[in-house]
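Residue strings, one per chain:
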Amino acid sequence: MKNFKFLLLILFVYTSCQETPQAKFERDGISLTSPKGWNVSDEENIDNQGYYLSIEKDGLNSSGVITISWINNELDLNESINIYQNELRNNIISKNSNLTFENQKKNKFNEINTTSVNYTFSILGLKHEGILHFFYENDKSFVICKQEATEDNIKNKKGFESIEQSFKIEN
């Protein structure tokens, strides 16, 4: 029995230390590549009206996460921004995190014109930063959220860039 438990422990350690391989995502004319070391942690069809995708950097101490959501309809960008900010403000985790938003600005996400909002917050004394991109393209309203612990900027940079550069919307 000891040998069996030991083998299970070795198997668990071996598989939990494995780096997630690069993976291609394609759905509803949207495609991107999740780079090696990043995994699709959540995805959900939103009543056939849109989709939600979350990609996280591997590791228990990793903080990089990017979410991509779309609705198959045109939504007012300013209204979407206000709704998203209010949802973050009222989220149980960020409610007491000194969440602050900067002003909206024109920006780009992989050469797509966006309206973006940067934000910061702190959880258990660890500073985090994020950016929200809002845009409408090919009959879809998008929200892309990129977030990380400030101290992980350098570790997450290549992964975030890889995801952004691979992001495509079919015409």
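Residues numbered from 1 in each chain as written. Predicted model: local features only at pLDDT ≥ 70, side-chain atom pairs only at ≥ 80, totals over all residues. Heavy atoms only, no water.

Some remarks on a negative patch on the surface
Keep this limit in mind: Here, patches come from residues exposed beyond 30% relative accessible area and free of salt bridges, joined within 9 Å for like charges and within 5 Å for nonpolar side chains (Val, Leu, Ile, Met, Phe, Trp, Tyr). We get accessible surface area from the Shrake-Rupley algorithm with a probe of 1.4 Å; when it comes to residues, only the shown protein chains can shield them. For this analysis, a salt bridge means a side-chain nitrogen from Lys or Arg found within 4 Å of a carboxyl oxygen belonging to Asp or Glu. Counting rule applied: Lys, Arg positive; Asp, Glu negative; His and chain ends not counted. A charged residue contributes its charge at one atom only: NZ of Lys, CZ of Arg, CG of Asp or CD of Glu. In this description a helix means any DSSP run of H or I spanning at least four residues, a strand means any run of E spanning at least two, and both kinds are numbered starting from the N terminus. Only protein chains enter the accessibility calculation, which uses a 1.4 Å probe; a residue whose area is less than 20% of its type maximum is buried, one above 50% is exposed, and one in between is partly exposed.
A cluster of acidic side chains, namely Asp-42, Glu-43, Glu-44, Asp-47 and Glu-56, defines a negative patch on the protein surface. In terms of residues, the negative patch owes the most to one element, strand 3 (residues 38-45), which gives 3 residues. By the secondary structure assignment, Asp-42 is in strand 3. Classification of Asp-42 as partly exposed rests on a relative accessible area of 36%.

Observations concerning the packing of aromatic side chains
What counts is decided by this rule: Only the six-membered ring of Trp is used, alongside the rings of Phe and Tyr, when aromatic pairs are assigned; centres must lie within 6.5 Å, and planes under 30 degrees apart are stacked while those over 60 apart are edge-to-face, with the rest tilted. Two limits define a charge over a ring: the Lys NZ or Arg CZ must be within 6 Å of the ring centre, and within 35 degrees of the ring normal.
Applying the stated criterion across every chain, the model contains 11 aromatic pairs. Plain terms: the ring middles of Phe-101 and Tyr-119 are 5.8 Å apart, the flat faces sit at 45 degrees to each other, and that makes the pair tilted. Separated by 18 residues along the polypeptide, Phe-101 in strand 6 (residues 100-101) and Tyr-119 in strand 8 (residues 112-123) bring together distant segments of the chain. Ring-pair connections join several aromatic residues into one group, and the members of that group are Phe-25, Tyr-51, Trp-70, Phe-109, Phe-135, Phe-142 and Phe-167. Taking the ring centre of Phe-160 as reference, the NZ or CZ of Lys-146 above it sits at 5.1 Å.

Focus: unusual backbone geometry
Its identity is not glycine, yet Asn-110 carries a phi of approximately 45 degrees, on the positive side. By the element assignment, Asn-110 lies in the loop between strand 7 (105-109) and strand 8. Although it is not a glycine, Asn-138 sits at a positive phi angle of roughly 50 degrees. Along the chain, Asn-138 falls in the loop between strand 9 (126-137) and strand 10 (140-149). On the basis of relative accessibility, which here comes to 28%, the residue Asn-138 falls in the partly exposed class.

Observations regarding the sheet that holds strand 2 (residues 30-34)
Spelled out, the test is: Pairing between two strands is assigned when DSSP locates at least 2 bridges connecting them.
The strand order across the open sheet built from 3 strands is 1-2-11, with neighbouring strands paired in antiparallel fashion. At either margin of the open sheet sits one strand with a lone partner, and together these are strand 1 (23-27) and strand 11 (168-169).

Looking at the pairing of strand 1
Summarising the sheet, strand 1 and strand 2 pair through 5 bridges and their orientation is antiparallel. In the sheet register, Ala-23 faces strand 2, and the bridge partner there is Ser-34. Hairpin connection from strand 1 to strand 2: 2 residues lie between these consecutive antiparallel strands, with Asp-28 at a positive phi of about 50 degrees.

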